[in-house]
Amino acid sequence: MIRDITIGQHFPGNSVLHRLDPRMKIVLTMAYIVLLFVAANPAGLALATVLLAGLYRVAKIPLRIIVKSLKPILPIIVFTVVLNLFFITGESQPLVELGFIKIYSEGIRYAVLMGVRIILLIAGTSLLTYTTSPIALTDAIERLLSPLSKLHLPVHELAMVMTIALRFIPTLIEETDKIMNAQKARGAQLDSGTLQQRMKAMVPILIPLFVSAFRRADELAMAMECRCYRGGEGRTRLKQLRLTTNDWLCCVVCLVLFGAIWCTNFFFTGL
Amino acid sequence: MAAIIQAEHLTHIYGQGMPDASKAIDDINFEIQEGEFVGLIGSTGSGKSTLINHFNGILKPTSGKLYVDGQDMWANPKDIRKFRFMVGLVFQYPEYQLFEETVEKDIAYGPINMGLSESEVAQRVKQAAQLCEIDQEMLQKSPFELSGGQKRRVAIAGVIAMQPRVLVLDEPAAGLDPEGRDNILSQIKAYHKQTGTTVILVSHSMEDIAKYADKVIVMNQSKLAMYDTTEKIFARADELLQMGLSVPQVTKIFLKLREMGVDLPADVYTIPYAVKTILAAVGKKEVWE
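These remarks concern the structure in this document.

Thresholds, definitions, all that
Residue numbering note: each chain is counted from 1, following its sequence as written. Whichever chain is written first becomes A and whichever ligand is written first becomes 1, with later ones labelled in order. In view of the model being predicted, local features appear only for residues whose pLDDT reaches at least 70, and side-chain atom pairs are presented and counted only at 80 or more, with totals across whole chains, interfaces and linings using the full set of residues. Side-chain measures here rest on the full set of heavy atoms in the structure, leaving out hydrogens and waters. Secondary structure elements are defined from DSSP: runs of H or I of at least 4 residues count as helices, runs of E of at least 2 residues count as strands, and each element is numbered from the N terminus. Any pair of N or O atoms that falls within 3.5 Å is considered a polar contact. Within protein, one atom must be able to donate a hydrogen and the other to accept it, and sequence-neighbouring residues count only if both atoms are side-chain atoms. In what follows, residue pairs with any heavy atoms lying within 4.5 Å of each other are defined as contacts. We call two strands paired when DSSP finds no fewer than two bridges between them. Here an axis means a line fitted to C-alpha atoms, over the contact stretch when the element is a helix, while the angle between two N-to-C directions is reported on a 0 to 180 degree scale. Helix span is expected to be 1.5 Å times the residue number reduced by one. Take the seven residues that end at a residue and the seven that start at it, fit an axis to each, and the angle between those axes is the bend at that residue. Angle categories: roughly parallel below 35 degrees, roughly antiparallel above 145, roughly perpendicular from 65 to 115, and oblique for all the rest. Each helix crossing is assigned a hand: it is left-handed if the near helix lies turned anticlockwise from the far helix by less than a right angle, otherwise right-handed if that turn is clockwise. Asp, Glu, Lys and Arg are counted as charged, while Ala, Val, Leu, Ile, Met, Phe, Trp, Tyr, Cys and Pro are counted as nonpolar; the rest, among them Gly, fall into the polar class. A simple rule labels every residue: compare its accessible area, found with a 1.4 Å probe on the protein chains alone, to the largest value its type can have, and call it buried under 20%, exposed over 50%, or partly exposed in between. Any two cysteine sulfur atoms within 2.5 Å of one another count as a disulfide. For Phe, Tyr and Trp, rings pair up if their centres lie within 6.5 Å, where Trp contributes its six-membered ring, and each pair is then called stacked (planes under 30 degrees apart), edge-to-face (over 60) or tilted (otherwise). Placement of a charge over a ring requires the Lys NZ or Arg CZ to be within 6 Å of the ring centre, with the centre-to-atom vector within 35 degrees of the ring normal. A simple way to read buried area is as the amount of 1.4 Å-probe accessible surface that goes missing from two parts once joined, with both sides added. Salt bridges are defined as contacts in which a side-chain nitrogen from Lys or Arg sits within 4 Å of a carboxyl oxygen from Asp or Glu.

What follows is about the side chain of arginine 152 of chain B. All names here are of chain B. Checked against the element boundaries, arginine 152 lands in helix α6 (residues 148-160). Polar contacts involving the side chain of arginine 152 include one to the main-chain carbonyl oxygen of proline 172, which spans 2.6 Å. A polar atom in the side chain of arginine 152 sits 2.8 Å from the backbone oxygen of alanine 174. Among residues more than four places away in sequence, those in contact with arginine 152 are Tyr93, Pro94, Glu95, Glu171, Pro172, Ala173, Ala174, Leu176 and Ile184.

In structure tokens form, the structure reads like this:
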């Protein structure tokens, strides 16, 4: 059951998107997120949806995986949509009036736009992690943030912390599984009872899990010191990130499309 | 007498319906009688752990049936806890399951889950502690202060305190020093003799299996390859070696001697028996002047 989480998962492949420089991917993703909120009318968001669908096609990631990754945030989407529906007031007459609840046409328009935005936001950022290995991702973040080290921010250390955290997710999931089985064998009831009982039942799992996480951290620190790890200063890399013509080409194509989405703000004002 | 554990065409497939589905155990059939001490051997990945995880319902068989004390384990999935208390399972490196403030409380976790009365729990904890040689002083300590071998004993006591009719141990001696190893295993043997509990011991050490088990199940590539008394299993040394397993050192010596033409039996697997056989052979032929 805990293995079913797909957000932040990596799907290895060899598409153009998989091979794109991770720094470029991060920057373009961020631009895309900003754009989602800049685009103020349905035409812009429709174009953004088409663009993202196209990118998923190129990356060869099946639709059901997107659906699966959206499932856990469904409550947030519903919550946002409902809030917008009820609390946006417009100039025209309300469409529905039930006591204190008034729904305006502007409210519906805004709720739908907001819902689509959140879905695109998750799907867009998921595409980044689907096509980029965690190691490449942290590498890219480290490089992108490197100017901040001039301000004495521990950029390399932060990136290392992230890499280690990502690397240990599967290990800890496996560990949780083992501990759960061991306690189940001793008669633990994990999936029945009241909320309070269930939370109490988690204690015998969480304590051993923390103990083992600390032990692993200790061992890893020791192993790193044994191999003379001493932070980022003067450290060279096996794989140097280099921007190729291909990367720039993708960048230009995306920027043109982003521009087109932005332009819809001026041309389809009537919608 | 009905078998305490009986498997019928037991099969388990991991990730069924997925492209990476794999058969972990395939059509397993056997019966274990009450009061037996059974060794379970097999190379890594042969399906041993998957098999024992079925014994108390941690895993549900993909197909086939498992009977505990004559009752179908999965006839009513809601009753699965009843079987968990009937078959105690000690996992590999069980010390990682300890969590309570004191050793005493940790041992009591299983019995409390069974819904026993306070006095009954206290009595069982005392008994289990005694069987595992945990003294009064250690009972009041935090389990995290103990040494590796002590933690292991506490974890095993935690399962024994539930007084299961079958005790399954997955490599209980892994990672311990030779003394800790002998201690734990001989305690388990003593417990077996004292209470008549059925014991299933998974081990990679042929010496341990030879020393303690009456019968042996051999797993190979998801299938049950052999199931027989210990001497008959170790007499089939060639087959065991082909499966990537081994035989006890003393058996190896006897096989070599037989190859050299010395007339000795093939089913020697413990040192005392070896000494007896050699003395008998010497007495008979008197060639070792």
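This next bit is on the sheet that holds strand β10 (residues 223-229) of chain B. Residue and element names in this part refer to chain B. Spatially, β6-β7-β8-β3-β9-β10 is the arrangement adopted by the six strands of the open sheet, whose pairing is mixed. Of all strands in the sheet, those bounded by a partner on one side alone are β6 (87-90) and β10. Here the strands of the sheet are splayed against their neighbours by 15° on average, with no regard to which way each runs. Sheet topology places strand β3 (residues 37-42) next to strand β8 (residues 198-202); four bridges connect them, and they run parallel. By the bridge assignment, phenylalanine 37 is partnered in β8 with valine 199.

In this section: helix α8 (residues 155-185) of chain A. All names here are of chain A. Along its 31 residues, α8 runs 45 Å from first to last C-alpha, staying within 8% of the 45 Å computed at 1.5 Å per residue. Along α8, the helix axis deviates most sharply at isoleucine 169, where the bend reaches about 35°; the proline proline 170 sits within four residues downstream. Backbone geometry just downstream of α8 places glycine 187 in the positive-phi region, at approximately 90°.

Residues and elements named next belong to chain A. Close contact between helix α7 (residues 134-145) and α8 brings their axes to 9 Å; oriented N to C, the two are set at 165°. As summarised for this structure, α7 and α8 are arranged roughly antiparallel, according to the angle between their axes. As for how α7 packs across α8, the hand of that crossing is right-handed. In this structure, α7 uses Pro134, Ile135, Thr138, Ile141, Glu142 and Leu145 to contact α8, whose residues at the interface are Val155, His156, Ala159, Met162, Thr163 and Leu166. Split into classes, the residues belonging to the contact of α7 with α8 amount to eight nonpolar, three polar and one charged.

For the rest of this paragraph, the subject is α7 of chain A. Residues and elements named next belong to chain A. Along its twelve residues, α7 runs 16 Å from first to last C-alpha, staying within 8% of the 16 Å computed at 1.5 Å per residue. Residues of α7 that are buried: Leu137, Thr138, Asp139, Ala140 and Glu142. On its buried face, α7 sits against α2 (22-38), α6 (105-131) and α8.

Evaluated as defined, the whole model comprises zero disulfides over all chains. The thiol of cysteine 251 of chain A is unpaired, and the distance to the nearest cysteine sulfur, on cysteine 254 of chain A, comes to 7.4 Å.

A few words now on the packing of aromatic side chains. A full pass over the atoms with the stated rule returns eight aromatic pairs over all chains. Considering the side-chain rings of tyrosine 56 of chain A and tyrosine 130 of chain A, the 6.5 Å spacing of their centres and the 70° angle between planes classify their relative orientation as edge-to-face. Taken as a pair, tyrosine 56 of chain A in helix α3 (residues 42-59) and tyrosine 130 of chain A in helix α6 lie far apart in primary sequence, 74 residues in all. An identical accessibility class is assigned to tyrosine 56 of chain A and tyrosine 130 of chain A; each is buried. Their ring planes at 85° and their centres at 5.0 Å tell us that phenylalanine 99 of chain B and tyrosine 109 of chain B sit as a pair that is edge-to-face. On the criterion of sequence distance, the pair formed by phenylalanine 99 of chain B in the loop between β6 and α3 (103-113) and tyrosine 109 of chain B in helix α3 is long-range, its members being ten residues apart. Neither residue differs from the other here; phenylalanine 99 of chain B and tyrosine 109 of chain B are each classed as buried. Pairwise contacts between aromatic rings join Phe30, Phe55 and Tyr227 of chain B into one cluster. Over the ring of phenylalanine 168 of chain A we find arginine 167 of chain A; its NZ or CZ atom is 4.6 Å from the centre of that ring. If you follow lysine 189 of chain B out to its NZ or CZ, it ends over the ring of phenylalanine 37 of chain B, 4.7 Å from the centre.

Here we take up the interface of chain B and chain A. Between chain B and chain A, the contact holds 18 residues from the first and 15 residues from the second. Of the roughly 1,600 Å² buried between chain B and chain A on both sides combined, carbon and sulfur atoms contribute 59%. Ranking the residues of chain B by area buried against chain A places Tyr96, Phe99 and Tyr109 of chain B at the top, with a combined share of 34%. Where chain B meets chain A, there are one salt bridge. Two residues, arginine 186 of chain A and aspartate 106 of chain B, come together in a salt bridge whose shortest N-O distance is 3.0 Å. Put simply, chain B and chain A have five residue pairs in polar contact (both at pLDDT 80 or more) between them. For the side of chain B that touches chain A, the secondary-structure elements that each account for two or more residues are α2 (80-86) and α3 of chain B. At four residues, α3 of chain B tops the list of elements feeding residues into the side of chain B that touches chain A.

Time to look at the environment of aspartate 247 of chain A. All names here are of chain A. Tracing the chain through its elements places aspartate 247 in helix α10 (residues 245-267). In the structure, aspartate 247 is positioned 93 residues away from proline 154 in sequence and 28 Å away in space, judged by C-alpha atoms. Those residues in contact with aspartate 247 that lie beyond four places of it in its chain are Leu20, Asp21, Met24 and Arg242. Only 3.0 Å separates the side chain of aspartate 247 from the backbone nitrogen of aspartate 21, close enough to count as a polar contact.

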